[in-house]
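Examination of the molecular architecture
This is what each chain is made of:
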Amino acid sequence: MFEGKVVLTGVKPTGTPHLGNYLGAIKPAIALGREALKTGGKHYMFIADYHAINAEKNPEVLNQKLREIACVYLAGGLDPAQSVFFRQSDIPEVHEITTILYAYTPKGFMNKAHAYKAAVDKNREAGKPDDDGINMGLYTYPTLMATDIVAYDSDIVPVGKDQVQHVEIARDIAGAINAHYNKELLHLPTYYIDERVAVVPGIDGRKMSKSYGNVIPLFEDDKSIKKAIFSIKTDSRPMEEPKNPDEILVYEIYKSIATPEQIQEMGDGLRQGKLGYGHIKNMLLDAVIKEIGGIREKYNYYMAHFDEVEEMLADGARRARPAAQATLKRLKDAVFAR
Ligand code: ADP
Ligand code: TRP
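Residues numbered from 1 in each chain as written. Chains lettered and ligands numbered in written order. Predicted model: local features only at pLDDT ≥ 70, side-chain atom pairs only at ≥ 80, totals over all residues. Heavy atoms only, no water.

Taken together, 13 residues lie around ligand 1, and His18, Val200, Met208, Ser209 and Lys210 are the ones closest in. The separation between an oxygen atom of ligand 1 and a polar side-chain atom of Lys207 is 2.9 Å. One of the backbone nitrogen or oxygen atoms of Met208 is found 2.9 Å away from a nitrogen atom of ligand 1. Surface burial for ligand 1 is 71%, taken as the share of its 530 Å² of free accessible area covered by protein chains. Grouping the constituent residues of the shell around ligand 1 by class yields five nonpolar, six polar and two charged. (Near = heavy atom within 4 Å. Polar contact = N/O pair within 3.5 Å; in protein donor to acceptor, adjacent residues only side chain to side chain. Areas by Shrake-Rupley, 256 points an atom, 1.4 Å probe, with all protein chains shown as cover. Nonpolar A, V, L, I, M, F, W, Y, C, P; charged D, E, K, R; others polar.)

What follows is the structure, given as structure tokens:
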């Protein structure tokens, strides 16, 4: 499916990743990148740090989040010798390209973009003026994201459902530019949604999210992970009572991490009244620790040796920049008839 294609993954550095982020975004992105590389394609993986400053203004916090996200991708198996792994803010051409894209971005696109609309809705709910606290970075961010995509001639952009609209905006802007100059100046991207990836529930049954405080942590010690897992909501039915596994939260979380055989085993045990809540929580704990044990070690290594990661990111930027430079040159040549 990715034969010879350019696959681009962008990730915002937003807070210490939890198990839901890992299973729902990080692990699948690494796997897709590998798939692309294996079939002769190219994989760009970048950290969208300019996007992050719209919401986070504390430099130390920004820096910490960038480190965490860089290290978690490396720990999860991203190979920086194969994938082009870099930081958005190391590619200055991004801003020149964005300025050109602005001239082809209808303001109405930004009004309708979902991140902006969500911020307006939140203000309305709180009885505040529509644009309260909304900066131009947030308002125009789909154009910057369009640049992130077109700068490297991306064919395929794997995203979650909430980002589909932004990839479509990128495609529309690129299409408008190509049509105006009657030339394929920019590559038209398509989004890709990995249907295999499910939403991981948190320990209270809602979507696992740092904003709900219901997460299973990734990089804390076994004790903290155990504490989170043992606080997953259950009821007081005795073990012997046969249960429908689909109504049991521990089982729902287990499904996102265990093998089909393990899932079958837990399901049968619950249906037959042979497994109690303590048992299944321990099974989940084992699966989580097995999944993340090795990653946690590598993560701690990279966090403690961030100078090595800096080197990798600098090397990635060196490899990514020529594509952005070439895109900018094509655009300037056309726009200014050079
Ligand atoms: P949070 O909800 O904790 O704030 P983010 O919105 O920062 O997480 O999400 C970062 C990435 O992780 C996104 O790609 C998102 O789709 C994915 N993700 C977040 N929570 C989950 C979850 N519970 N299950 C699956 N994927 C998730
Ligand atoms: N907007 C994306 C998010 O919030 C991050 C992002 C920025 C991105 N630029 C991108 C994703 C380009 C894919 C391609 O998650």
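The next thing to look at is the nonpolar core. Formed by 56 residues in total, the largest nonpolar core has its most connected members in Leu19, Tyr73, Ile216, Ile280 and Leu284. Broken down by secondary-structure element, the contributors of at least two residues to this core are α1 (19-38), β2 (42-47), α3 (59-75), α10 (222-230), α11 (249-255), α12 (260-271), α13 (277-304) and α14 (306-335). Per-element accounting of this core gives the leading share, 11 residues, to α13. Of the domains in this structure, domain 1 (6-199 + 306-335) and domain 2 (210-299) are the two that each give at least three residues to this core. In this structure, Leu284 is in contact with Ile229, Ile232, Val250, Ile253, Tyr254, Ile257 and Met266, ignoring residues within four places of it in sequence. Formed by 48 residues, the second largest nonpolar core is a distinct cluster that contains Phe46, Ala113, Val164 and Leu185. (Core = buried A, V, L, I, M, F, W, Y, C linked by side-chain atoms within 4.5 Å. Buried < 20%, exposed > 50% of the residue type's maximum accessible area, 1.4 Å probe, protein only. Helix = DSSP H or I, 4+ residues; strand = E, 2+ residues; numbered from the N terminus. Domains from an automatic or database assignment. Contact = heavy atoms within 4.5 Å.)

Attention shifts here to the domain arrangement of the protein chain. When cut into domains, the protein chain gives domain 1 (6-199 + 306-335) and domain 2 (210-299). Summarising the inter-unit geometry, the C-alpha centres of domain 1 and domain 2 are found 33 Å apart. Across the boundary between the two partners, domain 1 contributes 12 residues, which contact 13 residues of domain 2. Summed over both partners, the interface of domain 1 with domain 2 buries about 1,300 Å², with 71% contributed by carbon and sulfur atoms. Considering only the surface of domain 1 that becomes buried against domain 2, His18, Leu19 and Ala75 emerge as the three largest contributors, covering 44% of it. If you look at where domain 1 meets domain 2, you find three residue pairs in polar contact (both at pLDDT 80 or more). Taken together, the residues of the side of domain 1 that touches domain 2 break down into seven nonpolar, three polar and two charged. (Buried area = accessible area lost by both parts, 1.4 Å probe.)

Moving on, we come to the site of ligand 2. The environment of ligand 2 is formed by Leu8, Gly10, Lys12, Phe46, Ala48, His51, Tyr141, Met145, Asp148, Ile149, Val157 and Gln163. A distance of 2.9 Å separates a nitrogen atom of ligand 2 from a polar side-chain atom of Tyr141. Interatomic distance of 2.9 Å between a side-chain N/O atom of Gln163 and a nitrogen atom of ligand 2. Look at ligand 2: alone it shows 370 Å² of surface, and the protein chains cover 90% of it. For the shell around ligand 2, the elements supplying multiple residues, two or more each, are β1 (6-11) and α8 (141-150).

Bringing the pairing of β1 into the picture now. A large share of β1 lies buried, amounting to five of its six residues. Once the chain exits β1 it traverses α1 before rejoining the sheet at β2, and the crossover so formed is right-handed. (Right-handed = clockwise from strand over helix to strand, strands pointing away.)

A word on the pattern of salt bridges. It is possible for side chains of opposite charge to pair when their charged atoms get near one another. Enumeration according to the criterion identifies 16 salt bridges in this entry. A salt bridge links Asp153 to Arg330, with the nearest nitrogen and oxygen atoms 3.1 Å apart. Within this pair, whereas Asp153 is found in the loop between α8 and β4 (156-158), its partner Arg330 is found in helix α14, the two being separated by 177 residues in sequence. Its relative accessible area of 27% is what places Arg330 among the partly exposed residues. For Lys329, the salt bridge identified is with Asp333, shortest N-O distance 2.6 Å. Of the two residues, Lys329 and Asp333 are both situated in helix α14; the distance of four residues between them amounts to about one turn of the helix. Taking relative accessible area as the criterion, Lys329 reaches 51% and is therefore assigned exposed. On the basis of relative accessibility, which here comes to 27%, the residue Asp333 falls in the partly exposed class. (Salt bridge = Lys/Arg side-chain N within 4 Å of Asp/Glu carboxyl O.)

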